[in-house]
Amino acid sequence: MPTPLSALPIRRLTMRDLTDCADLAEDRDWAREEHRWSLLLSAGTGHGIDDPDGKGLAATCVVTSYGRAPHGGELSAVGMLLIAGRHARQGLGRRLMTHVLHEAGTTPLVLHATPQGRPLYERLGFTGTGTTETVLGALRLPDPTASPVATRPATAADLPAIVRLDNEVFGADRTHILTRLPAFADRLRVAEEASTITGYAAAWPTPATDVIGPLVARDTDTAKALVTALAPGPDRPLRTSVDVRHEELLSWLKEHGLEPSALTTLMTYGIPELPGDRTRQFAPLSLATD
Ligand SMILES: CC(C)(COP(=O)(O)OP(=O)(O)OC[C@H]1O[C@@H](n2cnc3c(N)ncnc32)[C@H](O)[C@@H]1OP(=O)(O)O)[C@@H](O)C(=O)NCCC(=O)NCCS
């Protein structure tokens, strides 16, 4: 008698599960993005359920926990909730999320819900607090050198200032993610005015695109300057996910060649609103981390 899905154990995922995680993503028509999985599994906690027939993983979910910031609190981001198509609609998604909620205890949670995932999160008590639009395409700028805001590549000496700025803007301490950024990203840049860092952003690779995120900036002009400096050449597509409240940046990206690709709902559990200053958060590192 095969073990019923409801009795399959939930276990911690490790780096040894990378290929199976990517296979599961592919099974749900998501990009494999092993590079992103490796960051998430090293900086966060992966939960998984093995396929009862020995075919890799039946379910995954990654929780990235952030520390307490001086003007915020603790927060964990939930991402990569994926159920193999052959096991969908049989309660595995609810079971894994119930496990995550139990493990989180009183720590508030945030996630970006796909239209498919949203009903499940709503039933579990998550509420929507915003919308993020993913845009994709080749960025075509008439004169990439004409930006009014100066940016430069980040150096190791910038890391403490980047962490301080991020703490303030994100409202939770993401040091363990930020210290991994120089190795994870292809390019990391800062905007600086009068020796103060006013923004930073990273560009990291997937097989098909370069992704820009996180993108933290004092204002839209600074965000545009960072995107301009980080964008790949016209032959390689760029992807980024922008809070729709940043209408001006989104319109500018679309005017210069990027196309809408997906809409996700920003949802929280345990807090009505996210800490920090959302006006300076333009793009998450990835939708799995906020
Ligand atoms: C979204 C997703 C995670 C949901 O996981 P799931 O395991 O299919 O979800 P569940 O089975 O727990 O619940 C989904 C539905 O199945 C129903 N269901 C649960 N057990 C069932 C059973 N034994 N028989 C029939 N239906 C069942 C639930 O009531 C629910 O129905 P409803 O949506 O009509 O209310 C999954 O479809 C998925 O991986 N999608 C692709 C990736 C994605 O979008 N992930 C979300 C990222 S935010």
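In this text the structure is predicted, and so the values were computed from the model without any measurement. (Residues numbered from 1 in each chain as written. Predicted model: local features only at pLDDT ≥ 70, side-chain atom pairs only at ≥ 80, totals over all residues.)

**Quick word on the site of the ligand**
So, point 1. Taken together, 17 residues lie near the ligand, and G91, G93, R94, T114 and G117 sit nearest.
So, point 2. Looking at the shell around the ligand, the elements with two or more residues in it are β4 (75–83), α3 (92–104) and α4 (118–124).
So, point 3. Of the residues in the shell around the ligand, the class split is eight nonpolar, six polar and three charged. (Near = placed C-beta within 6 Å. Helix = DSSP H or I, 4+ residues; strand = E, 2+ residues; numbered from the N terminus. Nonpolar A, V, L, I, M, F, W, Y, C, P; charged D, E, K, R; others polar.)

**Observations regarding the packing of helix α1 (residues 18–27) against helix α2 (residues 34–43)**
So, point 1. Contact geometry for α1 and α2: axes closest at 10 Å, N-to-C directions at 125°. Judged by the angle between their axes, α1 and α2 are oblique. Of the two elements, α1 crosses α2, and the hand of that crossing is right-handed. Residues L18, C21 and A22 of α1 form the contact with α2, whose participating residues are E34, W37, S38 and L41.
So, point 2. In the contact of α1 with α2, the residues fall into five nonpolar, one polar and one charged. (Axes fitted to C-alpha atoms, helices over the stretch in contact; angles between N-to-C directions. Parallel < 35°, antiparallel > 145°, perpendicular 65-115°, else oblique. Left-handed = near helix turned anticlockwise from the far one by under 90°. Contact = placed C-beta atoms within 7 Å.)

**Points about the pairing of β4**
So, point 1. Most of β4 sits inside the fold, with nine of its nine residues counted as buried.
So, point 2. In terms of strand pairing, strand β3 (residues 57–68) meets β4 through seven bridges, oriented antiparallel. Following the sheet pairing, A59 is matched in β4 by I83.
So, point 3. The pairing of β4 with strand β5 (residues 109–113) spans three bridges and is parallel. Bridge pairing in β5 places S76 opposite L109.
So, point 4. Once you follow β4 into α3 and on to β5, the crossover reads as right-handed. (Buried ≥ 20, exposed ≤ 12 C-beta atoms within 10 Å, placed from the backbone. Pairing = 2+ DSSP bridges. Right-handed = clockwise from strand over helix to strand, strands pointing away.)

**Considering the pairing of β3**
Put simply, side chains in a regular strand alternate between the two faces of the sheet.
So, point 1. Summarising burial for β3: nine of the twelve residues are buried, a large majority.
So, point 2. Bridge count for strand β2 (residues 45–50) against β3 is six bridges, and the pairing is antiparallel. Looking at β3, one finds that I49 is bridged to A59.
So, point 3. Linking β2 to β3, which pair antiparallel, is a turn of six residues; within it G54 sits at a positive phi near 75°.
So, point 4. Relative to strand β8 (residues 172–173), β3 is paired through two bridges, and the arrangement is antiparallel.

**Things to note about the nonpolar core**
So, point 1. Among the nonpolar cores identified, the biggest contains 83 residues, and I212, L215 and L226 are the most heavily contacted of them.
So, point 2. Domain assignment of the residues forming this core places at least three in each of domain 1 (5–131) and domain 2 (134–264 + 276–283).
So, point 3. If sequence neighbours within four positions are ignored, L226 has contacts with T151, R189, A191, G199, A201, L215 and A217. (Core = buried A, V, L, I, M, F, W, Y, C linked by C-beta atoms within 7 Å. Domains from an automatic or database assignment.)

**Observations regarding the domain arrangement of the protein**
The parts lose accessible area when they come together, and the size of an interface is often stated as this lost area.
So, point 1. Partitioning the protein into structural domains gives domain 1 (5–131) and domain 2 (134–264 + 276–283).
So, point 2. Here the C-alpha centroids of domain 1 and domain 2 sit 25 Å apart.
So, point 3. Taken together, the contacts link 20 residues of domain 1 with 19 residues of domain 2.
So, point 4. The set of elements that each furnish at least two residues to the side of domain 1 that touches domain 2 consists of α2, β3, β5 and β6 (127–137).
So, point 5. Partitioned by chemical class, the residues of the side of domain 1 that touches domain 2 number eight nonpolar, nine polar and three charged.

**Considering the packing of helix α8 (residues 220–230) against helix α9 (residues 247–255)**
So, point 1. Axis separation between α8 and α9 bottoms out at 9 Å; the angle between their running directions is 35°. In the packing of α8 onto α9, the handedness of the crossing is right-handed. Together, T220, A223 and K224 of α8 and E248, L249 and W252 of α9 make up the contact between the two elements.
So, point 2. Class assignment of the residues belonging to the contact of α8 with α9 gives a composition of three nonpolar, one polar and two charged.

**Examining the environment of D51**
So, point 1. Note on placement: D51 falls in the loop between β2 and β3.
So, point 2. In this structure D51 comes out as partly exposed when scored by C-beta crowding, with 18 C-beta atoms within 10 Å.
So, point 3. In this structure the C-alpha to C-alpha distance between D51 and L5, which are 46 residues apart in sequence, comes to 8.9 Å.

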